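# Overview (structure and organization)
Residues per chain, in single letters:
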Amino acid sequence: MAKKIISKEKILNAAFELTRKSGAENLSVRSIARSCDCSTQPVYISFKGIDEIKDEIYVMSINYFYKYLLDTVARKEYPEYKSMGMAYVKFAHDEPELFKYVFMTKPRENFNSINANFEVSVEVIRKNLNISEEAARKLHTEMWIFGHGIATMYLTDYLDIDMDMVSEMYKDVYSGLIKNLGEKNGN
């Protein structure tokens, strides 16, 4: 009987889809093997174990989020920085398991891409408002905490408001923080 070859890519794609549907906490070598319609042997041939797979899925999830974010910004429905915040909240709504894995669990070791996104956001604010890096960093931190709160409330079904209301809330909080920043700088 011929052996069935299961590629590393097929295993990762199956693991990613399982993570999207059921969450990373439910991911196991057995569940991946079932999804690939094979024994656990091909999984263990390609990977040392579930932690290695989860590292790969973490990277895939971050990349998926960035594509989602960039697609939202490219639609130019909102100003650039606001688009980033709206994408964050909408991602929690549309991809709850991936959102939880990337933004609601302790970051996997040696992965700095979330920090890189933070820096991009700070630069967008600094450039658009012509403010110091320190002020932009503070503003983004406060906006991120606000956005994360909304996203978390969506994710837990605690909040049921439409995206137009979320957009209005972002505008109000952003305007208030900018006003506060101006008052602190004597403007």
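Notes on the structure in this doc start here. (Residues numbered from 1 in each chain as written. Predicted model: local features only at pLDDT ≥ 70, side-chain atom pairs only at ≥ 80, totals over all residues. Heavy atoms only, no water.)

### Remarks on the packing of helix 1 (residues 8-22) against helix 4 (residues 50-74)
Helix 4 packs onto helix 1 with a crossing angle of 70° between their chain directions and a minimal axis gap of 10 Å. Taken together, the axes of helix 1 and helix 4 are roughly perpendicular relative to one another. Crossing angle aside, the handedness with which helix 1 passes helix 4 is right-handed. Contact residues: Leu12, Asn13, Ala15, Phe16, Thr19 and Arg20 in helix 1; Ile53, Glu56, Ile57, Met60, Ser61 and Tyr64 in helix 4. (Axes fitted to C-alpha atoms, helices over the stretch in contact; angles between N-to-C directions. Helix = DSSP H or I, 4+ residues; strand = E, 2+ residues; numbered from the N terminus. Parallel < 35°, antiparallel > 145°, perpendicular 65-115°, else oblique. Left-handed = near helix turned anticlockwise from the far one by under 90°. Contact = heavy atoms within 4.5 Å.)

### Side note on the nonpolar core
Formed by 55 residues in total, the largest nonpolar core has its most connected members in Ile32, Ile53, Ile57 and Phe99. Take this core: its biggest share by element is 9 residues, from helix 4. Ignoring sequence-local partners within four residues, the contact set of Phe99 consists of Tyr88, Phe91, Ala92, Met104, His148, Ala151 and Leu155. (Core = buried A, V, L, I, M, F, W, Y, C linked by side-chain atoms within 4.5 Å. Buried < 20%, exposed > 50% of the residue type's maximum accessible area, 1.4 Å probe, protein only.)

### Some remarks on the environment of Lys138
The topology assignment puts Lys138 in helix 8 (residues 133-155). Here Lys138 falls in the partly exposed class, since its relative accessible area comes to 39%. Taking the C-alpha atoms as reference, Lys138 lies 9.7 Å from Leu177; in sequence the two are 39 residues apart. Polar side-chain contacts of Lys138 include one of 2.5 Å to the side chain of Glu142. (Polar contact = N/O pair within 3.5 Å; in protein donor to acceptor, adjacent residues only side chain to side chain.)

### Details of helix 6 (residues 96-103)
In terms of burial, helix 6 is a largely internal element, 6 of the 8 residues being buried. Looking at helix 6, one finds that the buried residues are Glu97, Leu98, Phe99, Tyr101, Val102 and Phe103.

### Remarks on the environment of Phe118
Looking at the secondary structure, you find Phe118 in helix 7 (residues 113-129). We classify Phe118 as buried; its relative accessible area is 13%. The sequence separation of Phe118 and Phe146 amounts to 28 residues, and the corresponding C-alpha distance is 14 Å. Excluding residues within four positions of it along the chain, Phe118 makes contact with Arg137, His140, Thr141 and Trp144.

### A word on the pattern of salt bridges
The full count for this structure, using the stated rule, is 11 salt bridges. Among the salt bridges present, the one from Asp71 reaches Lys67, with a minimum N-O distance of 2.8 Å. Placement of the pair is Asp71 and Lys67 together in helix 4, with a separation of 4 residues, close to one helical turn. For Lys67, a relative accessible area of 52% translates into the label exposed. Between Lys90 and Asp94 there is a salt bridge whose closest N-O contact spans 3.1 Å. Taken as a pair, Lys90 and Asp94 lie in helix 5 (residues 80-94) at a separation of 4 residues, close to a single helical turn. For Lys90, a relative accessible area of 33% translates into the label partly exposed. (Salt bridge = Lys/Arg side-chain N within 4 Å of Asp/Glu carboxyl O.)

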